[in-house]
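For reference, the chains in residue letters:
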Amino acid sequence: MKSFSEYNPITVALWYAAVILPAMFILHPALTALSIVGSVLLHTVRTKSLRGNLIYFILFFAIALLNPFFYHNGVTILFFVNDNPITLEALLYGFTASAMIISVIYWFRSFSAMMTSDRLLYVFGSASPKLALILSMALRYVPLFSLQIKKVNDSQKALGLYREDNAIDALRGRVRVFSILVTWALENGVTTADSMTARGYGVGRRTYFSIYRFTRSDRILLAVTLILEGLLLAGAALDALKFSFYPAMTGTWSPMTAVSLAAYTALALLPTIHRVTEEFAWKRLLSRV
Amino acid sequence: METLVVEGLSFTYPACREKALDNVSFTLHNGDFMVVCGATGSGKSTLLRMLKRELAPFGEMSGRIMLGGRSVEDFSDREAAQKIGYVLQRPEQQIVTDRVWHELAFGLENLGLDTGVIRRRVAEMACYFDIEDWFERPVSELSGGQKQLLNLASVMVMQPELLLLDEPTAQLDPIAASDFISTLARLNRDLSLTVIIVEHRLDEVIPVSNKLLALEEGKLLTCGPTRESVDLLRSNLLLREAMPVPVRIAGELGADRDLPITVREGRRFTEEFCGNSIRSLPEPENVLDGEPEPALEFSEVYQRYSRELPDVLSGMNLTVNTGECLCILGGNGSGKSTALGAAAAINKIYSGAIKVFGKKLRDYRGQELYDGCLTMLPQDVQTMFLCNTVREELKDADLDAFPYDLTPLLDKHPYDLSGGQQQLVGLARVLSAKPRLLLLDEPTKGLDARARRLICEVLHKLQAGGMTLVVVTHDTELAAMLADRCAMLFRGEIVSCGTPRQFFSGNSFYTTPANRMTRGHFDGAVTAGDVVVLCRLNAAADRNRREGEYSC
């Protein structure tokens, strides 16, 4: 059984782009609603818990309610606060904008969990193998350096050279640590360089290897994503997704609107549906054991 | 079939008068496992680097190197990179990329192979080296031993004909080192891979090798089957010092051929050499008189690095008396270095108390603790060096009081010194604060036998001058030679503590080779010196008895 995060990183990254970019750039209440439902569902299905959502819930209402209190445009007046009208249009605009922000946050929450450093690297690496190697080496050096900084810090402290009781001495201590680290890095970089030449770095054109394959299921997922995105963008291009809040809410409506929104529904719910059907299929298979 | 032929190889570094290598010739057959030994600066590493074209140092070279019947000069860059594999000393710095699988593929990517081939070779190698479990892990999470195995695997994945290793186990603890050597032996046996390894701790590697090459000042002393070479080298004191313990003991006792190279053979040798009417040496008298005054006390110390992680020290109790030398031994992750860091107030403890000279650590204000009271020599002495010359580095140090003459090194850059010299400079540097209590973390890691003896002598002299020493080490022989008392740390607690003789005779695995060799025959012989003395005493006793029988 293949979970959504096990697809080829490029497929997954393209799906995220297909779902996040419209949510950010097409301000349409229905589309935003679909985006927030899809992103929160994906997050909940993935983590299988409801914890850690409260802060976003509060944030959602805070952003949504801020707009009508500062912006008084709109024709449908609900009530007055300090002689300022609170309008239905401003309120709904607030909810739409807030939903957009929160949904993008939720999409990125699952994105960062699914796209670990090596998967992101693969996405960049397929663009340029050289860049991929540099990024990979950089990722390798971050933990190496932080460990070495700790070692140098400790040994300097035990020498009694590292006074932390006044700011100038503390700063001088930092400078000393940095200087030792630079010498160490240059000296040990020679070993890394030797190890690279010993394994034939620079003898010819490099290829780029990765453990990710582009399988049949990736092709299917990619095709589905592209078709759905195409329908949505066609709708946007044909002005089927126009919506304006002020002074009164008006939206275009055509069969194309329905098609575009249906396409985005399918797109936003794709991993969730995938997850649920996979789980059912897995349980059915297990029941045969 | 002859794989490697080296003929009349000489090499001179630029601006040097003496040759680093002088007319070295040898031949290796397919599947040979050759150990290269020699003192520091004898040209071992130069020889190894000459064999790997890409890493050959710049200088004047003459002679021929042939691999598989062709001169190495004629190889294309690609062939040269692929046919000769090279593993270096430092496990950490050889790794290039961030993930285990990517590191395995690195060499093959350089050769420009396509993904399908790389996938198969990487899978095959991961399987052979049993690294499937950590295949997708970031390299920063691996232990030192795992890192070095990864380095070996990522060279082997290129399918070299000749594998060169430059002190691959110097930075590893004994168990990881032994694992590494047995993996090498398996590669050699299963794949008939030709191996040349430079090492200065020879205990593990001599028994699995079939050839031994010894160098002295760039000249070839001997090159031949391991046992014959060992027999030939028995009279060379400098090289014998680095040999496995059984060879050293037998050589010292004047054996002239078939020297024992394993503990098993050493055992047979001692039993045949003499009887055991005198089973043990007298315990040395305790030189500390009067009520011992504690220099360092741990009482019920608990430490962990963060809330989620398990305890590293869990209820550790230990007392070190003023003027004594205590060695703390224990496996990886048993908390040895953490305990030392806690004593130096680098690692914070969350429960219990540590007292230094009767005063709690937290009662020391500011730099009071590090000023004339306690210092620590870190495991990696390079983390101390800041200046461009040893002279600047040691400007506060009292060089006359240091029991080793450092003057020849004063104008060098600290990074240009050998490992042993770096350790000595580091030691002189920490002594400039005139501590009464000195903490040392693995002072002999990566050092050759001579440097180890040197460090040992210096520490003895410091102790004689009244300093209290606490040494954390994996090196059982060092502990047996150096310590007044040894303590074993296991899962954050001291589980046993005693004089080296009591301590090592009580253990049956975690003990010195000399003790393993004579267990049951003698009691409490823990160093090679002990065994030699006992053997001589017993041989004399045997002779006296025999003469007594004749005269009757």
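Residues numbered from 1 in each chain as written. Chains lettered and ligands numbered in written order. Predicted model: local features only at pLDDT ≥ 70, side-chain atom pairs only at ≥ 80, totals over all residues. Heavy atoms only, no water.

Comments concerning the overall build of chain B
- In terms of regular secondary structure, chain B is built from 19 helices and 20 strands.
- For chain B, the proportion of its 552 residues judged to be buried stands at 57%.
- In the structure as shown, chain B presents an accessible area of about 23500 Å², 48% of it carried by carbon and sulfur atoms.
- When the 60 basic and 77 acidic side-chain charges of chain B are each reduced to a single mean position, those positions are 1 Å apart. (Helix = DSSP H or I, 4+ residues; strand = E, 2+ residues; numbered from the N terminus. Buried < 20%, exposed > 50% of the residue type's maximum accessible area, 1.4 Å probe, protein only. Areas by Shrake-Rupley, 256 points an atom, 1.4 Å probe, with all protein chains shown as cover. Lys, Arg positive; Asp, Glu negative; His and termini not counted. Charge placed at Lys NZ, Arg CZ, Asp CG, Glu CD.)

Concerning the domain arrangement of chain A
- Assigned domains of chain A: these are domain 1 (4-121 + 214-287) and domain 2 (127-198).
- Distance from the C-alpha centre of domain 1 of chain A to the C-alpha centre of domain 2 of chain A: 43 Å. (Domains from an automatic or database assignment.)

As for the packing of helix 4 (residues 100-110) of chain B against helix 6 (residues 144-156) of chain B
Residue and element names in this part refer to chain B.
- Across the interface, helix 4 lies against helix 6 with an axial gap of 7 Å and an inter-helix angle of 35°. Classified by chirality, the crossing of helix 6 by helix 4 is right-handed. Residues V100, E103 and L104 of helix 4 lie in contact with helix 6, whose contacting residues are L150, A153 and S154.
- Considered class by class, the residues forming the contact of helix 4 with helix 6 number 4 nonpolar, 1 polar and 1 charged. (Axes fitted to C-alpha atoms, helices over the stretch in contact; angles between N-to-C directions. Left-handed = near helix turned anticlockwise from the far one by under 90°. Contact = heavy atoms within 4.5 Å. Nonpolar A, V, L, I, M, F, W, Y, C, P; charged D, E, K, R; others polar.)

Details of the sheet that holds strand 15 (residues 359-360) of chain B
Residues and elements named next belong to chain B.
- Ordered by their spatial adjacency, 4 strands build an open sheet running 12-11-14-15, and the pairing between neighbours is antiparallel. Each having just a single partner strand, strand 12 (313-321) and strand 15 make up the two edges of the open sheet.
- With 7 bridges joining them, strand 11 (residues 294-303) and strand 12 adopt antiparallel strand pairing. Bridge pairing in strand 12 links F298 to L318. (Pairing = 2+ DSSP bridges.)

Topic: the domain arrangement of chain B
Residue and element names in this part refer to chain B.
- Per the domain assignment, the segments of chain B are domain 1 (2-94 + 161-243) and domain 2 (294-498).
- Using C-alpha coordinates to define each centre, domain 1 is positioned 34 Å away from domain 2.
- At the interface, 11 residues of domain 1 touch 14 residues of domain 2.
- Approximately 1100 Å² of surface area, both sides summed, lies buried where domain 1 meets domain 2, with 43% of it carried by carbon and sulfur atoms.
- Summed over the shared surface of domain 1 and domain 2, the number is 2 salt bridges.
- We note a salt bridge from E241 to R453, for which the minimum N-O separation is 2.2 Å.
- Our count for the contact surface shared by domain 1 and domain 2 stands at 7 residue pairs in polar contact (both at pLDDT 80 or more).
- Of the residues contributing to the side of domain 1 that touches domain 2, the split by class is 4 nonpolar, 3 polar and 4 charged. (Buried area = accessible area lost by both parts, 1.4 Å probe. Salt bridge = Lys/Arg side-chain N within 4 Å of Asp/Glu carboxyl O. Polar contact = N/O pair within 3.5 Å; in protein donor to acceptor, adjacent residues only side chain to side chain.)

Side note on the environment of Q93 of chain B
- Tracing the backbone through its elements, the reader meets Q93 of chain B in helix 3 (residues 91-94).
- Remark: the alpha-carbon pair of Q93 of chain B and F522 of chain B, spanning 429 residues in sequence, is separated by 45 Å.
- If near-sequence neighbours (up to four positions away) are discounted, Q93 of chain B is found in contact with W184, N188, T191 and T192 of chain A.

A few points about the interface of chain B and chain A
- Contacts between the two partners involve 60 residues from chain B and, on the opposite side, 52 residues from chain A.
- Between chain B and chain A, roughly 5000 Å² of surface is buried when both sides are summed, and carbon and sulfur atoms account for 58% of that area.
- Taken together, the connections running from chain B to chain A amount to 5 salt bridges.
- Taken together, the links from chain B to chain A amount to 22 residue pairs in polar contact (both at pLDDT 80 or more).
- Of all the secondary-structure elements, those providing two or more residues to the side of chain B that touches chain A are helix 2 (77-83), strand 6 (84-87), helix 3, helix 4, helix 5 (115-128), helix 6, strand 16 (374-377) and helix 14 (419-431) of chain B.
- Top element by residues in the side of chain B that touches chain A is helix 4 of chain B. It accounts for 9 residues.
- In the side of chain B that touches chain A, the residues fall into 29 nonpolar, 16 polar and 15 charged.

Considering helix 4 of chain B
- Within helix 4 of chain B, 11 of the 11 residues are buried, which leaves the element mostly enclosed by the surrounding structure.
- Listed in full, the buried residues belonging to helix 4 of chain B are V100, W101, H102, E103, L104, A105, F106, G107, L108, E109 and N110 of chain B.
- Buried residues along helix 4 of chain B sit in contact with helix 5 (117-125), helix 6 (129-158) and helix 7 (167-198) of chain A together with helix 3, helix 5 and helix 6 of chain B.
- Following helix 4 of chain B by one or two positions, G112 of chain B adopts a phi angle in the positive range, close to 75°.

A short note on helix 5 of chain B
All names here are of chain B.
- Between its first and last C-alpha, helix 5 extends 20 Å over 14 residues, near the 20 Å set by a 1.5 Å rise per residue.
- Regarding helix 5, the residues found buried are I118, R119, R121, V122, M125 and A126.
- Of the surrounding elements, those touching the buried residues of helix 5 are helix 4 and helix 6.
- After helix 5 finishes, the residue D130 shows a positive phi value of roughly 60°. (Expected span 1.5 Å × (residues − 1).)

Structural notes on the sheet that holds strand 13 (residues 325-329) of chain B
Residues and elements named next belong to chain B.
- Taken together, the 6 strands give an open sheet; going across it, the order is 16-17-18-13-19-20, and neighbouring strands pair in mixed fashion. Edge strands, defined here as strands with exactly one partner in the open sheet, are strand 16 and strand 20 (493-498). For this sheet, the mean angle separating the axes of adjacent strands, direction not counted, is 20°.
- Bridge count for strand 13 against strand 19 (residues 485-490) is 4 bridges, and the pairing is parallel.

What about unusual backbone geometry?
- In this model, Y246 of chain A is joined to P247 of chain A through a cis peptide bond whose omega is -10°.
- You can see P247 of chain A is positioned in the loop between strand 3 (243-244) and strand 4 (250-251).
- The backbone of E300 of chain B shows a phi angle near 45°, a positive value even though the residue is not glycine.
- As for its placement among the helices and strands, E300 of chain B is situated in strand 11.
- Of note, the phi angle at K434 of chain B is positive, near 50°, even though the residue is not glycine.
- Among the structural elements, K434 of chain B can be located in the loop between helix 14 and strand 17 (437-441).

Points about the packing of aromatic side chains
- For the structure on display, the rule yields 25 aromatic pairs over all chains.
- Relative to F95 of chain A, the ring of F61 of chain A lies with its centre 6.0 Å away and its plane at 85°, an arrangement referred to as edge-to-face. A residue pair is termed long-range when its members are at least 10 positions apart, and F61 of chain A in helix 3 (residues 54-70) and F95 of chain A in helix 4 (residues 88-114) qualify at 34 residues.
- Look at F61 of chain A and you get partly exposed, because its relative accessible area is 33%.
- Ring centres of F11 of chain B and Y13 of chain B lie 4.9 Å apart, and the angle between their planes is 85°; on these two criteria the pair is classed as edge-to-face.
- Given the relative accessible area of 30%, Y13 of chain B is considered partly exposed.
- Put simply, the rings of F4, Y7, W15, Y16, W107, F108 and F111 of chain A touch in pairs and so form one group of aromatic residues.
- Between K83 of chain B and the ring centre of F75 of chain B, over which it is positioned, the NZ or CZ distance is 5.3 Å.
- Its guanidinium or amino end placed over the ring of F357 of chain B, R436 of chain B lies 3.9 Å from that ring's centre, counting from NZ or CZ. (Phe/Tyr/Trp six-rings, centres within 6.5 Å; stacked < 30°, edge-to-face > 60°. Lys NZ or Arg CZ within 6 Å of the ring centre and 35° of its normal.)

Brief notes about the nonpolar core
- Within the largest apolar cluster, 80 residues are counted, with the highest numbers of intra-cluster contacts made by L104, F129, L152, L163, L165, L184 and M243 of chain B.
- In this structure, M243 of chain B is in contact with C37, L202, D203, I206, L212, V230, L233 and R248 of chain B, ignoring residues within four places of it in sequence. (Core = buried A, V, L, I, M, F, W, Y, C linked by side-chain atoms within 4.5 Å.)

Quick notes on the pairing of strand 18 (residues 468-472) of chain B
All names here are of chain B.
- Strand 18 sits mainly inside the fold: 5 of its 5 residues count as buried.
- Residues T468, V470 and V472 of strand 18 are buried on one face, and the alternating residues L469 and V471, pointing to the opposite face, are buried as well.
- Bridge count for strand 13 against strand 18 is 4 bridges, and the pairing is parallel. What sits directly across from C327, in strand 18, is V471.
- Pairing between strand 17 and strand 18: 5 bridges, direction parallel. Among the inter-strand pairings, L439 is bridged to a residue of strand 18, identified as V470.

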